[in-house]
Amino acid sequence: MDNIIFKKIWQDDNLIELEISANCEFASAYQNCYVEDKALLKISKRIQKYIDNCNESCYLEFGKKEGNYTPAFSMCILPVDTSGHMQVEVDIKIADNDTRSHRCCFYVKSELGLIERLGISLKNLVTALEGETVLLNSSSSHMKKS
């Protein structure tokens, strides 16, 4: 099943390490990245803005994709269709070299209600315990301890 999974590895003051994995029918990739708690809260708010106007794309970046930084992850939530479905384009940096030149990009299918729940869950991840996991496409509890 298509999914994007965010796992909180650790938090030191305002810096959070996340393991982000994504998969679809054709690909599966993961990356650990670092994000400040304020940035995660801002991402959550941007997802809520997308829910309020889901006819436009919403680009979100976890870490910095360009320059000499730690690995990063981005996703672009595309406009919703008439049945409430959309695709999320994920872009995951593959940490197999020092030039940051390898990436894996693909679409993950989802639904508007699940995207809304993801935004809320990412906000809650700021205060969650290490090991807590948030899944985009899940019909059960949206945050669980792994």
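Small disclaimer: the values here were computed from a predicted structure and weren't measured. (Residues numbered from 1 in each chain as written. Predicted model: local features only at pLDDT ≥ 70, side-chain atom pairs only at ≥ 80, totals over all residues. Heavy atoms only, no water.)

(A) Region of the structure containing the sheet that holds strand β4 (residues 58–62). One open sheet holds the four strands; their spatial order is β4-β5-β6-β7, and the pairing between them is antiparallel. Where the open sheet ends on each side, the last strands, each with one partner, are β4 and β7 (103–111). On average, each strand axis in the sheet is tilted by 20 degrees relative to the strand beside it, whichever way the strands run. Summarising the sheet, strand β5 (residues 73–77) and strand β6 (residues 85–93) pair through five bridges and their orientation is antiparallel. Within β6, the position partnered with I77 by the bridge is V88. Lying on the sheet, helix α1 (residues 37–52) is in contact with β4, β5 and β6; it crosses β4 at an angle near 165 degrees. In the packing of helix α2 (residues 112–125) onto the sheet, contacts are made with β4, β5, β6 and β7, and the angle to β7 comes to roughly 115 degrees. (Pairing = 2+ DSSP bridges. Helix = DSSP H or I, 4+ residues; strand = E, 2+ residues; numbered from the N terminus. Axes fitted to C-alpha atoms, helices over the stretch in contact; angles between N-to-C directions. Contact = heavy atoms within 4.5 Å.)

(B) View of the nonpolar core. Ranked by internal contacts, the top residues of the largest apolar core, which has 39 residues, are I4, F6, F62, M75 and I77. Not counting residues within four places of it along the chain, the set of residues in contact with I4 comprises I20, S21, A22, F73, M75, V88, V90, V108, V134, L135 and L136. (Core = buried A, V, L, I, M, F, W, Y, C linked by side-chain atoms within 4.5 Å. Buried < 20%, exposed > 50% of the residue type's maximum accessible area, 1.4 Å probe, protein only.)

(C) Region of interest: the state of the cysteines. Applying the stated criterion across every chain, the model contains zero disulfides. Lacking any disulfide linkage, C24 is separated from the closest cysteine sulfur, that of C104, by 7.9 Å. Overall, C24 belongs to the buried group, its relative accessible area being 14%. Just so you know, C105 is unpaired, no disulfide at all, and the nearest cysteine sulfur is the one on C104, 6.9 Å from it. (Disulfide = S-S within 2.5 Å.)

(D) Just the pairing of strand β2 (residues 15–23), in detail. Bridge count between strand β1 (residues 3–12) and β2: nine bridges; the pairing is antiparallel. Within β2, the residue paired with F6 across the bridge is I20. Once β1 ends, the chain turns through two residues before running back antiparallel as β2, passing D13 with a positive phi of about 60 degrees. Two elements, β2 and strand β3 (residues 28–36), share nine bridges in a ladder whose sense is antiparallel. If you follow E17 over to β3, its bridge partner there is Y34. Where β2 folds back on β3, the antiparallel hairpin that results is connected by four residues.

(E) Structural detail: a positive patch on the surface. A cluster of basic side chains, namely K42, K45, R46, K49 and K123, defines a positive patch on the protein surface. Considering each element in turn, the positive patch owes the most residues, four residues, to α1. Considering the arrangement of structural elements, one finds K45 in helix α1. Since its relative accessible area comes to 60%, K45 is described here as exposed. (Patch = residues over 30% accessible without salt bridge, like charges linked within 9 Å, V, L, I, M, F, W, Y side chains within 5 Å. Areas by Shrake-Rupley, 256 points an atom, 1.4 Å probe, with all protein chains shown as cover. Salt bridge = Lys/Arg side-chain N within 4 Å of Asp/Glu carboxyl O. Lys, Arg positive; Asp, Glu negative; His and termini not counted. Charge placed at Lys NZ, Arg CZ, Asp CG, Glu CD.)

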